[in-house]
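What follows is each chain in one-letter form.
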Amino acid sequence: MRQIMGIQVGNRESEALKVQELLSKNGCIIKTRLGLHESSEELCSITGLIILEFLPDKDDEISKMENELNNLSSIIVKKMIF
């Protein structure tokens, strides 16, 4: 089974450090990480999107991380399982 998680960060300025700490703490279960945000010469968006692919058979650790992310104020978490 393959698990993909999307993390929408509603306010990167106030939540980015907390999200980064959680991702670093769980880095050993993350296979792929991709960060996206709108950016141009005139504007750097305060919102962002992080896409994670996890190692297989890490359901308990993934659920714990998801719960911790959901406790942050401007974070929305969605998962896809294949």
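Structure's up top.
Presented here is an overview of the structure given in this document. In this text the structure is predicted, and so the values were computed from the model without any measurement. (Residues numbered from 1 in each chain as written. Predicted model: local features only at pLDDT ≥ 70, side-chain atom pairs only at ≥ 80, totals over all residues. Heavy atoms only, no water.)

## Concerning the pattern of salt bridges
- Within this structure, the stated rule accounts for five salt bridges.
- Residue Arg 2 is joined to Glu 53 by a salt bridge in which the shortest nitrogen-to-oxygen separation is 3.2 Å. With Arg 2 in the segment before β1 (3-9) and Glu 53 in strand β3 (residues 48-54), the pair connects residues that are 51 residues apart, well separated along the chain.
- On the accessibility criterion, Arg 2 (44% relative accessible area) is partly exposed.
- Across the salt bridge formed by Glu 53 and Lys 31, the nearest N and O atoms sit 4.0 Å from each other. (Salt bridge = Lys/Arg side-chain N within 4 Å of Asp/Glu carboxyl O. Helix = DSSP H or I, 4+ residues; strand = E, 2+ residues; numbered from the N terminus. Buried < 20%, exposed > 50% of the residue type's maximum accessible area, 1.4 Å probe, protein only.)

## Notes on helix α2 (residues 59-70)
- Here α2 contains 12 residues, and its C-alpha end-to-end distance of 16 Å stays within 8% of the 16 Å for a straight helix at 1.5 Å per residue.
- Of all the residues in α2, the buried ones are Ile 62, Met 65, Glu 66 and Leu 69. Seen end-on, α2 carries its buried residues on one side only, within an arc spanning 105°. Of the exposed residues in α2, the ones pointing more than 90 degrees away from its buried face are Asp 60 and Lys 64.
- Against β1, α1 (12-25), β3 and β4 (75-81) lie the buried residues of α2. (Expected span 1.5 Å × (residues − 1). Arc of directions from axis to C-beta. Contact = heavy atoms within 4.5 Å.)

## Some remarks on the sheet that holds β1
- Spatial strand order, β2-β3-β1-β4: four strands in an open sheet with antiparallel pairing. Either end of the sheet is taken by a strand with one partner, and the two such strands are β2 (30-36) and β4. The average angle at which neighbouring strand axes cross in this sheet is 15°, direction not considered.
- Relative to β3, β1 runs antiparallel, the two being bridged by six bridges. (Pairing = 2+ DSSP bridges. Axes fitted to C-alpha atoms, helices over the stretch in contact; angles between N-to-C directions.)

## Here's the deal with α1
- Compared with the 20 Å implied by 1.5 Å per residue over 14 residues, the 19 Å span of α1 between its first and last C-alpha is a close match.
- Looking only at α1, the buried set comprises Glu 15, Val 19, Leu 22 and Leu 23.
- Where the residues of α1 are buried, they touch β1, β2, β3, α2 and β4.
- One side-chain oxygen of the residue at the start of α1 lies 3.1 Å from the amide nitrogen of Glu 13, identifying that residue as Asn 11. (Polar contact = N/O pair within 3.5 Å; in protein donor to acceptor, adjacent residues only side chain to side chain.)

Geometry only, nothing functional implied.
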